[in-house]
Amino acid sequence: MTEPIQSKASQHGNPLPKRVLSGMRPTGKLHLGNYMGALYNWVRLQHEYECYFFIADWHALTTDYADTSNVKQNILDVALDWLGAGLDSDRATLFVQSWVPQHAELHLLFSMITPLGWLERVPSYKEQQENLREKDLGTYGFLGYPLLQSADILIYQADLVPVGQDQVAHVELTREVARRFNFFYPEKPLVLPEPQALLTPSPKLPGTDGRKMSKSYGNTVLMSDPEPVIRQKLKTMVTDPARIRRSDPGNPDVCPVFDLHKIFSSAETQQKVREGCTTAGIGCIECKGWLADGVVAELAPIQERRRSFESDPDHVWEILREGSARARLRADQTMQQVRDAMHLPQIGTAPAGAAR
Ligand code: TRP
Ligand code: SF4
């Protein structure tokens, strides 16, 4: 599919790899849009950088606080898809946000220095409130969502934040918060360096109805869908609307099926589709069958790995616990610098025999 990411660190002979951090809300089983838009890229990044990837369960609560019954299962499902895709706990620190409570501590300190207007102006704030009218998002936590994200990023003193276009405003806010913190509490070197968004070069990935693939549209193909389900879902996918009869030639450039071919099919298959479609030499059902072949082949090794982890969920939770312990150590390091910079007393350790 895409060529590997060149390591900026190794290019310049710098022995210290940059630190990468990103998070994903636990929305349950991931779909091809999640895979191509984030995971696929993360798997490559873990070979080049010091990576921290976390499941943002607190972020999920900012919109889904009324029914939290699925949180644990959703965390496990996301972790299974991560491990299936090839994220490797020996290469990257994989953790759960709520298991690193330091994120909340830094978020609270940030809440002291962040003007309300900065949060009210974040574009996703008003947009989401309008899109999710059925939920009351007039909460303190929802307004603070991007500030919690700033804490997620800055607590690892991350250099790079791989995100999609929709998250760039949040990284921008993070940079402003870092700047304000460093202005009030200047240290040399600066305690909170400004991170950069690493824009995922994600191709447009339509769902079966032709709109952007998204859980809320119900148009997804899941990474874990069995082969017959994948084939069935793709069979119902919308095509070039002008191609009504089998004898009508079609135009792949306006067909969402072809958008997926560009990602999942070989150049030869794409050429065969273009030829057959524009001359009415093939039917859409045949074309979608070839697409399904490509998707099934891409997912086969991922699903096999997922199944092996699925058979031992305790092991998956153990991976997340171990990653979270590592993340806490790293987060603590930053918090000590933050407390020093703010002239707050250090927590330190309890004297022996303090517990009663
Ligand atoms: N807000 C992100 C999303 O909805 C998830 C997220 C939370 C995140 N904290 C983060 C992403 C920190 C990058 C860095 O996709
Ligand atoms: Fe789309 Fe393929 Fe049908 Fe052409 S043959 S309209 S590319 S589904």
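Residues numbered from 1 in each chain as written. Chains lettered and ligands numbered in written order. Predicted model: local features only at pLDDT ≥ 70, side-chain atom pairs only at ≥ 80, totals over all residues. Heavy atoms only, no water.

Attention now moves to the overall build of the chain. Along the chain, the regular secondary structure elements total 14 helices and five strands. Scaling as 2.2 N^0.38, a compact globule of 356 residues should have a C-alpha radius of gyration of about 21 Å, and the chain matches this with 23 Å. Its C-alpha atoms give the chain principal-axis dimensions of roughly 80 × 45 × 40 Å. Within the chain, buried positions represent 49% of all 356 residues. Nonlocal contacts in the chain, meaning residues at least 24 apart in sequence, comprise 78% of its contacts between residues at least 6 apart. When the accessible surface of the chain is split by element, carbon and sulfur atoms take 54% of a total near 17,900 Å². (Helix = DSSP H or I, 4+ residues; strand = E, 2+ residues; numbered from the N terminus. Rg over C-alpha atoms; globule rule 2.2 N^0.38 Å. Buried < 20%, exposed > 50% of the residue type's maximum accessible area, 1.4 Å probe, protein only. Contact = heavy atoms within 4.5 Å. Areas by Shrake-Rupley, 256 points an atom, 1.4 Å probe, with all protein chains shown as cover.)

As a further point, take the site of ligand 2. Taken together, Thr239, Asp240, Arg243, Cys255, Val257, Val273, Cys277, Cys284 and Cys287 form the complete shell of residues around ligand 2. Contributing elements (two or more residues each) for the shell around ligand 2: helix H12 (267-278) and helix H13 (284-310). Of the residues belonging to the shell around ligand 2, the class tally is six nonpolar, one polar and two charged. (Near = heavy atom within 4 Å. Nonpolar A, V, L, I, M, F, W, Y, C, P; charged D, E, K, R; others polar.)

Before going further, it helps to spend a moment on the packing of aromatic side chains. Inspection of the entire model under this criterion finds twelve aromatic pairs. Summarising the aromatic geometry, the rings of Phe184 and Tyr185 are spaced 5.9 Å apart at their centres and angled 50° between planes, so their arrangement reads as tilted. Each residue in the set Phe110, Phe181, Phe183, Phe184 and Tyr185 is aromatic and connected to the rest through ring pairs, giving one cluster. Note that Arg180 overlies the ring of Trp118, its terminal NZ or CZ placed 5.5 Å from the centroid. (Phe/Tyr/Trp six-rings, centres within 6.5 Å; stacked < 30°, edge-to-face > 60°. Lys NZ or Arg CZ within 6 Å of the ring centre and 35° of its normal.)

On to the side chain of Gln46, then. Counting through the fold element by element, Gln46 comes out in the loop between helix H2 (32-45) and strand S2 (50-55). Discounting residues that sit within four places of it in the chain, Gln46 has contacts with Cys51, Gly86, Leu87, Asp88, Arg91 and Ala92.

Quite often, the size of an interface is put as the accessible area lost when its parts meet. When cut into domains, the chain gives domain 1 (8-205 + 312-341) and domain 2 (225-307). For domain 1 versus domain 2, the distance between C-alpha centres works out to 34 Å. Listed as interface residues are 14 residues of domain 1 and, on the opposing side, ten residues of domain 2. With both chains or domains summed, domain 1 and domain 2 bury close to 1,000 Å², and 64% of this area falls on carbon and sulfur atoms. (Domains from an automatic or database assignment. Buried area = accessible area lost by both parts, 1.4 Å probe.)

A separate point is the side chain of Thr208. Following the sequence through the fold, Thr208 ends up in the loop between strand S5 (196-199) and helix H10 (227-235). By relative accessible area, which is 14% here, Thr208 ends up buried. Aside from chain neighbours lying at most four places away, what touches Thr208 is Asn219, Lys233, Thr236, Met237 and Val238.

For ligand 1, the set of nearby residues contains 14 residues, the closest of which are Phe54, Tyr145, Gln149, Asp152 and Gln167. Between Tyr145 and ligand 1, the recorded distance is 2.7 Å, taken from a side-chain N or O atom to a nitrogen atom. Within the side chain of Gln167, a nitrogen or oxygen atom sits 3.0 Å from a nitrogen atom of ligand 1. Surface burial for ligand 1 is 89%, taken as the share of its 370 Å² of free accessible area covered by protein chains. At the level of secondary structure, the elements contributing two or more residues to the shell around ligand 1 comprise strand S1 (19-24), helix H8 (140-154) and strand S4 (160-163). Sorting elements by how many residues they give to the shell around ligand 1 places H8 first, with four residues. (Polar contact = N/O pair within 3.5 Å; in protein donor to acceptor, adjacent residues only side chain to side chain.)

What follows covers the packing of H8 against helix H9 (residues 168-184). The N-to-C vectors of H8 and H9 enclose an angle of 70°; their axes lie 9 Å apart at closest approach. The pairing of H8 with H9 is recorded here as roughly perpendicular in orientation. Considering the relative orientation of H8 and H9, their crossing is right-handed. Facing H8, whose interface residues are Tyr145, Pro146, Leu147, Gln149, Ser150, Ile153 and Leu154, H9 presents His170, Leu173, Thr174, Val177 and Ala178. Taken together, the residues of the contact of H8 with H9 break down into eight nonpolar, four polar and no charged. (Axes fitted to C-alpha atoms, helices over the stretch in contact; angles between N-to-C directions. Parallel < 35°, antiparallel > 145°, perpendicular 65-115°, else oblique. Left-handed = near helix turned anticlockwise from the far one by under 90°.)

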